[in-house]
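Listed here are the chains, written in short residue letters.
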Amino acid sequence: MEPVGKTISESMRGQPEGHPRSQRGGWLFRILIPLLFLGAMVGVVYGVVSYMKANQPPPRKPTSLPSDPSGSTVRKIQPEDDLPLAPVEPDESTPIIPPIPDPIQKPSPSPNPEPIPGPIPLTPVDPSSSPDTKPPASISALQVLEQFLDAATLDERLPHMEGRTSRKELEQSCLAKPLPEHTIEPAMQSDNSLENYTDFVFKVTFAKTSSGKDSYDMLVRRRGDQDPKVVTDPFLDLFGGRLLAFAATPGENKHGVFQVLVSPNSSCNDTTVPNYDKKITLKLIATLTGKEIVSAYAGKASVIGDMLENDQSGLRWGRAKTCTILLSWNTRDNPARPYLEASSINGLNWNP
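Here the structure is a predicted model, which means the values were calculated and not measured.

1. Notes on the side chain of Thr165
Then step 1. Relative to the assigned elements, Thr165 resides in the loop between strand S1 (161-162) and helix H4 (167-171).
Then step 2. With relative accessibility at 14%, the residue Thr165 sits in the buried group.
Then step 3. A polar side-chain atom of Thr165 sits 2.7 Å from a polar atom in the side chain of Asp233.
Then step 4. Not counting the four nearest positions on each side in its chain, Thr165 is found in contact with Leu170, Asp233, Leu236 and Arg242.

Quick look at the structure:
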């Protein structure tokens, strides 16, 4: 049987290989493709080179180096023969001879020489008037006390005194005449910043006319920058005998204020004092270590008794304290046996 199919026309079939039209189209295609690729590559290279030239930084100028005959640009170090020479060290073995000075020519004497002036006389200066020579306050207080004790009359002592005693009474006291021989010992110093004064306490020992010695505390007060003064009321009460005179003569409604040292005792051993078992004893003395001059008494339930029980009052059992005390004679408890009663303590000081 013959195969069944449609017959293909000559136009639909391909050209044979040896056909002239087929050979011309293949040759053009083979030459055109490489040329196009080569042109594209040339365009890319030209664009890259042009971009690099446009963004290239300007060239730097070469740095000038010092010229060298050999043509080298490397800087050479200065040779040793071009350095400055070191100073020549001196020869210590050779003695140094100082230069001989020119001879001094003496001036020729003047025909009319002027007289040489003598020393200028100096005016004597009082050292006490200079503020730099003023002694310390403690020395000044001691000097004032010595002048007070060494004075022979009241008028000589008045410039160194302060107190409340009248002039009339002073003229009748021990201060109107010379005092016995004495020695002075510094005892205590205290400052009162509130009232601006300094107290200097001295222990003064006097020789008795018969035998023995008696010691008394004496107060010298310096107020601010003023000269120190001797506070005379305690001295008159103790050494002057005003306390002893008051204690020696009992009397009704008799009282007085005295500046003494008080040493409290919590009991009363004098059985002659009415209700002695309910009393305390106040020993009145003239110095911290001195003996008792007289004794005064007060009730345990009194104002003074309450002060001794109060730790803040400043008054202590068995410790002597400078006091301004009010004394009176008690004739109420037993008129037949009056006793010296301590009514109150006006102050723990010796203020004038």
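2. Some remarks on the layout of surface pockets
Then step 1. Approximately 340 Å³ is the volume found for the largest pocket.
Then step 2. Lining the largest pocket are 17 residues, with Met188, Ser190, Val201, Lys321 and Thr322 positioned closest to its centre.
Then step 3. By residue class, the composition of the lining of the largest pocket is 10 nonpolar, three polar and four charged.
Then step 4. Here the second largest pocket defines a volume of roughly 240 Å³.

3. Focus: the sheet that holds strand S3 (residues 197-207)
Then step 1. Overall, mixed pairing links the five strands, which are arranged S1-S5-S4-S3-S2 in an open sheet. A single partner strand is all that each edge strand has here, and the edge strands are S1 and strand S2 (182-192).
Then step 2. Contacting S1, S2, S3, strand S4 (213-223) and strand S5 (229-231), helix H2 (residues 137-150) crosses the sheet at an angle of about 40° to S3.

4. Here's the deal with the environment of Arg316
Then step 1. If you trace the backbone, Arg316 turns up in the loop between helix H7 (303-309) and strand S9 (321-330).
Then step 2. A sequence separation of 51 residues divides Arg316 from Asn265, and the C-alpha atoms of the two residues are 9.2 Å apart.
Then step 3. Excluding residues within four positions of it along the chain, Arg316 makes contact with Pro264, Leu308, Asn310 and Asp311.
Then step 4. Here the side chain of Arg316 touches Asp311 through a polar contact of 2.4 Å, landing on its backbone oxygen.

5. Quick notes on the packing of aromatic side chains
Then step 1. Counted according to the given criterion, the structure contains eight aromatic pairs.
Then step 2. Considering the side-chain rings of Phe206 and Phe235, the 6.1 Å spacing of their centres and the 45° angle between planes classify their relative orientation as tilted. Within this pair, whereas Phe206 is found in strand S3, its partner Phe235 is found in helix H5 (residues 232-238), the two being separated by 29 residues in sequence. Each member of the pair, Phe206 as well as Phe235, carries the same accessibility label: buried.
Then step 3. With centroids separated by 6.4 Å and ring planes inclined at 70°, the aromatic side chains of Tyr297 and Tyr339 adopt a geometry described as edge-to-face. Here Tyr297, found in strand S8 (residues 292-299), pairs with Tyr339, found in strand S10 (residues 339-347); they are 42 residues apart in sequence, far enough to count as distant.
Then step 4. Given a relative accessible area of 10%, Tyr297 falls into the buried group.
Then step 5. Through successive ring pairs, a cluster of aromatic residues spans Phe148, Phe206, Tyr216, Phe235 and Phe239.
Then step 6. Above the face of the Phe148 ring, Arg157 is positioned so that its terminal group lies 5.7 Å from the ring centre.
Then step 7. Its end group placed over the ring of Tyr197, Arg223 keeps NZ or CZ at 5.9 Å from the ring centre.

6. A word on the nonpolar core
Then step 1. Membership of the largest hydrophobic core comes to 52 residues, with the highest contact counts inside it found for Leu145, Leu175, Ile304, Ile325 and Leu327.
Then step 2. Residue contacts for Leu327: discarding those within four places in its chain leaves Leu243, Phe246, Lys254, His255, Gly256, Phe258, Leu284, Ala296, Leu340, Glu341 and Ala342.

7. Notes on unusual backbone geometry
Then step 1. Of note in this structure, Asn196 is not a glycine but carries a positive phi near 60°.
Then step 2. Look at Asn275: it is not a glycine, yet its phi comes out positive at around 55°.
Then step 3. Mapped onto the secondary structure, Asn275 falls in the loop between strand S6 (255-265) and strand S7 (279-285).

8. Re the side chain of Lys279
Then step 1. Structurally, Lys279 is set in strand S7.
Then step 2. One buried charged side chain, Lys279, makes no salt bridge at all; its nearest oppositely charged neighbour is Asp333, positioned 4.0 Å away.
Then step 3. A polar side-chain atom of Lys279 sits 3.0 Å from the main-chain carbonyl oxygen of Pro274.
Then step 4. If near-sequence neighbours (up to four positions away) are discounted, Lys279 is found in contact with Ser266, Ser267, Cys268, Val273, Pro274, Ala298, Gly299, Lys300, Asp333 and Tyr339.

Reading the values: the criteria
- Residues numbered from 1 in each chain as written.
- Predicted model: local features only at pLDDT ≥ 70, side-chain atom pairs only at ≥ 80, totals over all residues.
- Heavy atoms only, no water.
- Helix = DSSP H or I, 4+ residues; strand = E, 2+ residues; numbered from the N terminus.
- Buried < 20%, exposed > 50% of the residue type's maximum accessible area, 1.4 Å probe, protein only.
- Polar contact = N/O pair within 3.5 Å; in protein donor to acceptor, adjacent residues only side chain to side chain.
- Contact = heavy atoms within 4.5 Å.
- 1 Å grid on protein atoms, 1.4 Å probe; cavity = no way out; pocket = protein on both sides within 12 Å on 5 of 7 lines; lining within 4 Å.
- Points joined across faces, edges and corners; volume = space filled by probe spheres on them.
- Nonpolar A, V, L, I, M, F, W, Y, C, P; charged D, E, K, R; others polar.
- Pairing = 2+ DSSP bridges.
- Axes fitted to C-alpha atoms, helices over the stretch in contact; angles between N-to-C directions.
- Phe/Tyr/Trp six-rings, centres within 6.5 Å; stacked < 30°, edge-to-face > 60°.
- Lys NZ or Arg CZ within 6 Å of the ring centre and 35° of its normal.
- Core = buried A, V, L, I, M, F, W, Y, C linked by side-chain atoms within 4.5 Å.
- Lys, Arg positive; Asp, Glu negative; His and termini not counted.
- Salt bridge = Lys/Arg side-chain N within 4 Å of Asp/Glu carboxyl O.

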